[in-house]
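Analysis of the macromolecular model
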Amino acid sequence: MSAHESMEHAEHAEHASGENKKIALLIAVIALCLALSETLGKGAQTESISKNVEASNLWAFFQAKSIRRTSVQTAAEQGKLNLATTTDEAAKAALQKQIDDWQKTAARYRSEPETGEGSEQLAERAKHAEHERDEATAKYHHFELASAAFQIAIVLASATIITGIIALAWVSGLVTLAGIVMTLLGLFQPHLLHLH
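What counts as what
Residues numbered from 1 in each chain as written. Predicted model: local features only at pLDDT ≥ 70, side-chain atom pairs only at ≥ 80, totals over all residues. Heavy atoms only, no water. Helix = DSSP H or I, 4+ residues; strand = E, 2+ residues; numbered from the N terminus. Buried < 20%, exposed > 50% of the residue type's maximum accessible area, 1.4 Å probe, protein only. Lys, Arg positive; Asp, Glu negative; His and termini not counted. Charge placed at Lys NZ, Arg CZ, Asp CG, Glu CD. Core = buried A, V, L, I, M, F, W, Y, C linked by side-chain atoms within 4.5 Å. Contact = heavy atoms within 4.5 Å. Salt bridge = Lys/Arg side-chain N within 4 Å of Asp/Glu carboxyl O. Axes fitted to C-alpha atoms, helices over the stretch in contact; angles between N-to-C directions. Parallel < 35°, antiparallel > 145°, perpendicular 65-115°, else oblique. Left-handed = near helix turned anticlockwise from the far one by under 90°. Nonpolar A, V, L, I, M, F, W, Y, C, P; charged D, E, K, R; others polar. Expected span 1.5 Å × (residues − 1). Polar contact = N/O pair within 3.5 Å; in protein donor to acceptor, adjacent residues only side chain to side chain.

This brings us to the overall build of the protein chain. When its secondary structure is counted, the protein chain shows four helices and zero strands. The N-to-C order of helical and strand elements in the protein chain reads α-α-α-α. Considering only C-alpha atoms, the protein chain reaches an extent of 125 × 20 × 20 Å along its principal axes. In the protein chain, which comprises 196 residues, the proportion classed as buried is 30%. Here the protein chain carries 17 positive and 23 negative side-chain charges, and the mean point of each set is 12 Å from the other.

Take a look at the structure:
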């Protein structure tokens, strides 16, 4: 090998080394994006699970309140029937007081704004938790797709180093941009695309 050929090999190796450094930097940036989307995805997944549990608990509480209200209303209706056949005035007065108490209790079970534990308030709270769950689930799907895009981009960028085919680095960059778009959609417009 002549000195001239050795110089050309050295220049080519130096140029390849410079390209590899750029690709390595690209991989590092993509890995950072991947870490971010994975973190956001785990957070959204945890929130989705948490809000699902909250909604389930609130609906169970709603059902319990509804059952109690129905039982108290039934007792009040039965009391009204008994009231019509009662002749003793003291018993009639006591029964009427009990009927009034049952009706007040039934009304309280229906709506209790001061505690937020009436069936109407519980239903609203449960629907709100379901909405938050759906929002977090939509975000999670976007972050998962973004993570997949970043992983593919890392593979393509790594293949550039092995094969020397620069077009793979460009494709990697495009896939990275797609991942960034999915991450931004997850953050700001999770319902723009329907990914369920």
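Back to the write-up after that little detour.
Ranked by internal contacts, the top residues of the largest apolar core, which has 13 residues, are Ile23, Ile27, Ile30, Phe150 and Ile154. If we ignore the near neighbours within four places in the chain, the residues touching Ile154 are Ile27, Ile30, Ala31 and Leu34.

Counting through the fold element by element, Ala148 comes out in helix α3 (residues 119–163). Along the chain, Ala148 and Ala75 lie 73 residues apart, while their C-alpha atoms are 60 Å from each other.

The next point concerns the pattern of salt bridges. Scanning the model with the defined rule gives six salt bridges in all. When the shortest N-O distance is used, the salt bridge between Glu112 and Lys65 registers 3.5 Å. Of this pair, Glu112 sits in the loop between α2 (89–110) and α3 while Lys65 sits in helix α1 (residues 3–85); the two residues are 47 residues apart in sequence, bridging distant segments of the chain. Comparing Glu112 with Lys65 shows no difference in burial state: the two are buried. A salt bridge links Arg133 to Asp134, with the shortest nitrogen-to-oxygen separation between them at 3.0 Å.

Bringing the packing of α3 against helix α4 (residues 166–188) into the picture now. Following both chains from N to C, one finds α3 and α4 inclined at 165°, their axes separated by 8 Å at the closest point. Between α3 and α4, the angle is such that the two are roughly antiparallel. Handedness of the α3/α4 crossing: left-handed. Grouping the amino acids of the contact of α3 with α4 by side-chain chemistry returns 19 nonpolar, eight polar and one charged.

Quick reminder: α-helices carry 3.6 residues per turn. Residues three or four places apart thus point the same way. End to end, α4 covers 33 Å across 23 residues, agreeing with the expected 33 Å (1.5 Å per residue, within 8%). Within the span of α4, buried status applies to Ala169, Ser172, Thr176, Gly179, Met182, Thr183, Leu185 and Gly186.

Residue position: Arg69 is located in helix α1. Within the structure, the side chain of Arg69 is placed 2.9 Å from the side chain of Ser119, a separation counted as a polar contact. Other than its neighbours up to four places away in sequence, Arg69 contacts Ala106, Tyr109, Arg110 and Ser119.

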